[in-house]
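Residue strings, one per chain:
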Amino acid sequence: EPVKNSAVIPTESTSDSNKSTSTQKPKVQKPFVLIGGGTASYAAAKAIKEKDPLANVIIIAEEAQAPYMRPPLSKELWFSEDPKVTQTLVFKDWQGHERETIYQDASLYEVLQDAAGSDTPSEKVKLLLNKRVVKLNIDTHTVTLDDGSEIYYNKVLLATGGSPKKFPGVQDANVTTFRSIEDFKLLDSKAKEGAHIAVVGGGFLGSELAVALAHRAEKQNIKVTQVFPEEGNMANVFPTYLTKWTTSKVRDLGVDVKSNKSIKSINSGKDGKVVLDLGDEKLSVDHVVVAIGLEPRVDLARQAGLEIDEKRAGVVVNAELEARSDVFAAGDVVSFHDVQLGRRRIEHHDHAVLSGRHAGENMIGGSKPFTHQSMFWSDLGPEIGYEAVGLVDSQLSTVSVWAKATSKDTPAVGAGSEAESPRTAALGSDAPISAAPVSPIQVDLKDEKFGKGLVFYVRDQKIVGLLLFNVFGKVQEARDIINAGYTSDKIDGLLKQFDLHSE
Ligand code: FAD
Ligand code: NAD
Ligand code: NAD
């Protein structure tokens with residue numbers, strides 16, 4: 001039964017409000033409505049509360065959980081030794097500290113059951129869970145919920161993230177996507193003794209999950225197959241030789257990587273099996289995780305008449321992260337102008353934190369342009385960890401510099417194999433270079449366990465991206481390089497600060 005809750009208009013925030021007195025209208029705090037319960041909304045809520053602890057901040061989230069971070073769902077949680085990890089959701093971070101996936105417990109919010117309560121004062125951030133915003137009404141400064149009720153906003157943030165892409169027409173309970181805590185729990189329950197799991201997709205998510213499942217396969221009898229159309233893991237980001245080397249590492253970890261394979265069809269088979277048709281072979285598995293990219297959720301913005309960047313599928317905002325007066329956007333869903341690199345949309349955690357926080361600051365009265373240069377990272381098992389800043393797209397030309405890695409250069413110490421090294425790859429346009437004065441150390445391949453190096457991405461002679469491969473603690477240096485807009489002939493001189501050869 002829809003609850004029709006007439007939106008309460010606060011006296012201080014509409015254009016004609018200075019004419020009316022507060023006598024007929026209830027006195028309410030200006031509501032800051034944050035649509036979406038992810039990292040961008042959480043960061044915005046914190047920023048608003050830091051500026052004004054009494055601010056009326058309402059997070060509306062379709063999910064049942066209080067805001068949480070997604071990165072551990074495909075990495076750290078799978079490496080936990082705690083058999084109860086699916087309940088605790090506690091993981092060890094890179095420094096060995098125990099952390100919670102959920103940012104803060106629901107009890108620390110003012111949990112609302114419905115739109116009523118949106119205008120009562122509270123020092124806590126308000127949290128309205130299990131509710132979807134179905135409409136953004138710019139003229140009336142309201143949002144409509146799926147129960148029919150409306151909430152007035154003074155300022156609103158679109159932080160709706162995205163939905164995982166699916167194969168159209170495939171409906172099988174054993175074919176799932178992966179984005180939420182629920183998805184983590186489900187895959188955990190499927191990845192049990194005797195299971196054969198196929199991961200479709202060779203990007204961030206597919207590669208991380210394949211490696212995570214392979215780790216479980218060290219102790220349990222699980223088979224992991226990864227299928228994707230590219231030449232190797234992370235081919236859309238890494239130069240070709242690094243993709244090949246990384247793929248060999250992922251295979252060493254126990255993943256049966258089927259590269260250069262596209263899915264012709266996915267069908268339900270006998271006894272709950274799922275059959276993947278790869279053209280030249282059919283693969284029968286117990287479960288399929290589809291990790292083929294993200295569809296940003298721009299429907300609310302589109303319906304409200306906001307400008308959509310169709311090329312990048314994002315909500316267009318100005319330098320202040322505002323799409324229209326009082327309407328902001330942040331996180332995966334925003335298409336923003338990067339002063340250095342031009343228009344961009346970024347699907348990474350740190351960007352959600354930085355843009356969410358920045359939008360929050362501007363919603364509560366700031367007017368600063370968004371100039372933060374975000375980073376991202378990924379780990380693929382014990383031997384490969386990388387961080388990056390700027391545009392890292394394998395379509396760009398690249399210049400790479402490699403040095404011998406030591407056990408200290410990896411996210412964790414692992415037994416190295418002697419797989420093909422980046423430095424032995426055939427020389428192509430993106431082949432690694434040796435750069436003076438700090439040229440890569442010449443080492444015998446048999447001594448080399450894994451690569452440690454830098455990949456510079458170049459567009460119109462300018463350095464636009466930097467990948468730090470098993471090089472840690474240098475994100476700020478990378479950021480400074482991107483922000484300075486150096487040309488690629490400066491690369492040699494820039495290498496010193498990365499201590500590539502320190503032991
Ligand atoms: P989301 O986190 O997607 O949050 C959006 C929220 O809005 C969702 O809860 C959704 O339910 C809700 N919502 C949407 N529409 C509505 C509506 N109409 N009404 C109500 N609620 C709505 N990035 C990294 O940099 N490093 C990593 O290691 C990394 N690992 C990842 C691992 C996984 C498994 C996944 C899925 C992502 C990972 N990412 C990583 C990416 C990172 O998590 C995202 O970039 C980030 O979550 C984006 O935050 P967001 O707040 O924009 O969107
Ligand atoms: P945060 O609080 O924003 O992190 C949230 C989550 O992201 C946590 O799970 C954290 O462990 C994870 N995370 C952040 N950066 C990561 C990275 N580079 N690799 C793996 N996981 C990462 O940020 P934080 O945890 O306080 O990290 C702050 C800084 O520390 C980051 O900018 C990062 O460069 C650096 N860091 C380095 C490593 C490494 O492998 N040497 C790992 C984590 C963080
Ligand atoms: P992605 O864009 O990184 O990779 C998409 C992959 O899908 C491609 O590499 C390709 O192999 C595959 N693909 C596309 N169409 C296909 C098809 N028809 N058949 C088979 N394969 C196909 O997206 P993702 O890996 O699905 O990740 C989902 C989201 O989560 C992204 O926003 C990503 O940035 C985010 N994420 C980020 C991290 C990180 O930053 N470390 C980790 C996990 C997830």
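Rules behind the numbers
Residues numbered from 1 in each chain as written. Chains lettered and ligands numbered in written order. Predicted model: local features only at pLDDT ≥ 70, side-chain atom pairs only at ≥ 80, totals over all residues. Heavy atoms only, no water. Helix = DSSP H or I, 4+ residues; strand = E, 2+ residues; numbered from the N terminus. Polar contact = N/O pair within 3.5 Å; in protein donor to acceptor, adjacent residues only side chain to side chain. Contact = heavy atoms within 4.5 Å. Salt bridge = Lys/Arg side-chain N within 4 Å of Asp/Glu carboxyl O. Buried < 20%, exposed > 50% of the residue type's maximum accessible area, 1.4 Å probe, protein only. Near = heavy atom within 4 Å. Areas by Shrake-Rupley, 256 points an atom, 1.4 Å probe, with all protein chains shown as cover. Nonpolar A, V, L, I, M, F, W, Y, C, P; charged D, E, K, R; others polar. Patch = residues over 30% accessible without salt bridge, like charges linked within 9 Å, V, L, I, M, F, W, Y side chains within 5 Å. Lys, Arg positive; Asp, Glu negative; His and termini not counted. Charge placed at Lys NZ, Arg CZ, Asp CG, Glu CD.

**Student:** Whenever I open this one, the side chain of T243 confuses me. Can you help?
**Tutor:** As for its position among the elements, T243 is in helix α5 (residues 240–252). Engagement of the side chain of T243 in a polar contact is seen with the backbone oxygen of N233, the distance being 3.4 Å. With near-sequence residues (within four places) excluded, T243 lies in contact with E231, G232, N233, M234, A235 and F238.

**Student:** Looking at this structure, I do not really get the pattern of salt bridges. What am I missing?
**Tutor:** Here the idea is simple: oppositely charged side chains can pair when their charged atoms come close. Enumeration over the complete set of coordinates arrives at 26 salt bridges. R297 is paired through a salt bridge with E62; the nearest N and O atoms lie 3.0 Å apart. Here E62 lies in the loop between β2 (56–60) and α2 (85–88) and R297 lies in the loop between β20 (294–296) and α6 (299–303), a separation of 235 residues in the sequence. With a relative accessible area of 27%, R297 lands in the partly exposed category.

**Student:** Just checking my understanding: could you explain the site of ligand 2 for this structure?
**Tutor:** Around ligand 2, the neighbouring residues are M69, F91, D93, W94, R99, H349, M375, W377, D379, E387, F472 and V475. A distance of 2.8 Å separates a nitrogen atom of ligand 2 from a polar atom in the side chain of W377. Contact between ligand 2 and E387: a nitrogen atom at 2.7 Å from a side-chain N or O atom of the residue. Here ligand 2 loses 73% of its free accessible area of 680 Å² to cover by the protein chains. Along the lines of polarity and charge, the residues of the shell around ligand 2 split into 7 nonpolar, 1 polar and 4 charged.

**Student:** Is there a simple way to explain a negative patch on the surface in this structure?
**Tutor:** Among the surface-exposed residues, D82, E98, E100 and D105 lie close enough to one another that they form a single negatively charged patch. Turning to its location among the elements, E98 is positioned in strand β4 (residues 98–100).

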